[in-house]
Amino acid sequence: FVSGIERDSENGLEEAMNVADAFISLSSDSLANAIVADLLDNNLYRCKATDNFYGIRLYKVLDQIYQVANDADARRELFSRLGNYELLPLNEVRGADQVVHQLVLFYGDEDGRASFNSFLQLFNDSSAWEIARLPQWVEICSRKGQQPVQIYANQPLEHSFREDEKAQQALLAYLKRLSIEPGIIIHRGHSYHLPTTLSYLQPYTKLAILGSCGGYKNLLTVAGKSPGAQIVATRQIGSRLINDPMILELNNLLLQDKDIYWPDLWVRLEEQFGKSESTRNLFSEYVPPYRNLSLFVIRLYNEDTAVL
């Protein structure tokens, strides 16, 4: 699992991401953790001995990520270089008009329509939110709160005729005409719809919530299209039982004009979802930005000075 990842020059980076993803769970087992440390050292030495610069680069990155998984000081040092992934500053997602704009994408199958209806229930307090229903999308605007929030979500129109994607494209064209650049993008739908959502990513995207099964597998794509984005994704099953409460908590913080401090938010969500075994198990597969070791591999690998 750890050794020889440099042999495949096309997939070596993805292999390194997979290795890094295991570091947190392995760190709780002292024997396994020690074995991994030795393997990383041995493989780095082997690559240096053969002047395999690709391997040197991969294993130097992995060594740094291993230290991050095991040492709080190393994590703080990494965040001082790459940015603090424990914190999403409000200014990062606030638009030029001082409004936090969010783009939420739904798809027109049975699951998508159910998710859309469940999502709208989050905003049924008419004293706090105003919902404007248009033929192809809805606009949800905060009525109160210290920080204005505007949410745009396409209608989950019939997928078999691509009416849902046409609605998304019409919404994107509308936002472009108004010079609105949503700092937050949220995918709601099955994993086979995710490539369409990912095609809409932009460099100005600062938070991507991939609420589909296995969204975690698409980190390379997100990092390529939105280099500065923090990512929330699940390794396994995505569920509206998790997505909706998470989005509600996120928006409550935004309305209060607060930065998002992920460790605190994650503790509150763990307490909320820990009340039942089903939601506890579902939520355990969601990865917050500050635990996203695979993403740190990408960021370090793309920083030449970090691995020379």
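The helix and strand tally for the protein chain stands at 15 helices and ten strands. Here the C-alpha radius of gyration of the protein chain, 21 Å, is about what a compact globule of 308 residues would show, namely 19 Å. Each principal axis of the C-alpha distribution contributes one length, and for the protein chain these read about 65 × 40 × 40 Å. For the protein chain, the residues scored as buried account for 52% of the 308 residues in total. Here the contacts in the protein chain between residues at least 6 apart in sequence split such that 63% fall between residues at least 24 apart.

The next subject is the pattern of salt bridges. Oppositely charged side chains are able to pair whenever their charged atoms sit close together. Inspection of every chain in the model, using the stated rule, returns twelve salt bridges. Note that glutamate 165 and arginine 162 form a salt bridge whose closest N and O atoms lie 2.9 Å from each other. According to the relative accessible area criterion, glutamate 165 is buried, its value standing at 15%. Note that aspartate 244 and arginine 188 form a salt bridge whose closest N and O atoms lie 2.9 Å from each other. Of this pair, aspartate 244 sits in helix H11 (residues 240-255) while arginine 188 sits in the loop between strand E6 (184-187) and helix H9 (194-198), placing them 56 residues apart in sequence. Arginine 188 matches aspartate 244 in its accessibility class, with the two residues each being buried.

Of all the residues in helix H1 (residues 12-21), the buried ones are Gly12, Leu13, Ala16, Met17, Val19 and Ala20. The buried side chains of H1 occupy one side of the element, clustering within an arc of 160° when seen end-on. Structurally, H1 contributes buried residues whose contacts are with helix H2 (23-26), helix H4 (53-70), helix H10 (219-225) and helix H14 (293-301).

Note on sheets: strands pair through backbone hydrogen bonds, and any given pair is parallel or antiparallel. Here we have eight strands laid out as an open sheet, ordered E3-E4-E5-E2-E6-E7-E8-E10, and mixed in their pairing. Because the sheet does not close on itself, it has two edges, and the strands there are strand E3 (129-133) and strand E10 (286-287). In this structure, strand E2 (residues 100-105) lies alongside E6, joined through four bridges in parallel fashion. If you follow valine 104 over to E6, its bridge partner there is isoleucine 186.

Look at helix H7 (residues 110-121) against H11: their axes get within 10 Å of each other, and the N-to-C directions meet at 30°. Taken as axis vectors, H7 and H11 run roughly parallel relative to one another. In the packing of H7 onto H11, the handedness of the crossing is right-handed. Facing Asp111, Ala114, Ser115, Ser118 and Phe119 of H7, the residues of H11 in contact are Arg240, Asp244 and Ile247. Residues that form the contact of H7 with H11 fall into these classes: three nonpolar, two polar and three charged.

Our next topic: the pairing of strand E4 (residues 137-142). Among the six residues that make up E4, five are buried, leaving the element largely enclosed by the rest of the structure. The sheet contact formed by E3 and E4 spans five bridges and is antiparallel. By the bridge assignment, alanine 132 is partnered in E4 with glutamate 139. Hairpin connection, E3 to E4: the antiparallel pair is bridged by three residues. In this structure, E4 lies alongside strand E5 (residues 149-154), joined through five bridges in antiparallel fashion. Directly across from isoleucine 140, in E5, lies its bridge partner isoleucine 151. From the end of E4 to the start of E5, which pair antiparallel, there are six residues, and glycine 145 there has a positive phi angle of about 115°.

Here the focus is a negative patch on the surface. A surface patch of like charges, here negative, comprises Asp8, Glu10, Glu14 and Glu15. Topologically, aspartate 8 is positioned in the segment before H1. By relative accessible area, which is 34% here, aspartate 8 ends up partly exposed.

Glancing now at the side chain of asparagine 243. With respect to the element layout, asparagine 243 can be found in helix H11. In terms of polar contacts, asparagine 243 uses its side chain to reach the side chain of tyrosine 286, at 2.9 Å.

Analysis parameters
Residues numbered from 1 in each chain as written. Predicted model: local features only at pLDDT ≥ 70, side-chain atom pairs only at ≥ 80, totals over all residues. Heavy atoms only, no water. Helix = DSSP H or I, 4+ residues; strand = E, 2+ residues; numbered from the N terminus. Rg over C-alpha atoms; globule rule 2.2 N^0.38 Å. Buried < 20%, exposed > 50% of the residue type's maximum accessible area, 1.4 Å probe, protein only. Contact = heavy atoms within 4.5 Å. Salt bridge = Lys/Arg side-chain N within 4 Å of Asp/Glu carboxyl O. Arc of directions from axis to C-beta. Pairing = 2+ DSSP bridges. Axes fitted to C-alpha atoms, helices over the stretch in contact; angles between N-to-C directions. Parallel < 35°, antiparallel > 145°, perpendicular 65-115°, else oblique. Left-handed = near helix turned anticlockwise from the far one by under 90°. Nonpolar A, V, L, I, M, F, W, Y, C, P; charged D, E, K, R; others polar. Patch = residues over 30% accessible without salt bridge, like charges linked within 9 Å, V, L, I, M, F, W, Y side chains within 5 Å. Areas by Shrake-Rupley, 256 points an atom, 1.4 Å probe, with all protein chains shown as cover. Lys, Arg positive; Asp, Glu negative; His and termini not counted. Charge placed at Lys NZ, Arg CZ, Asp CG, Glu CD. Polar contact = N/O pair within 3.5 Å; in protein donor to acceptor, adjacent residues only side chain to side chain.

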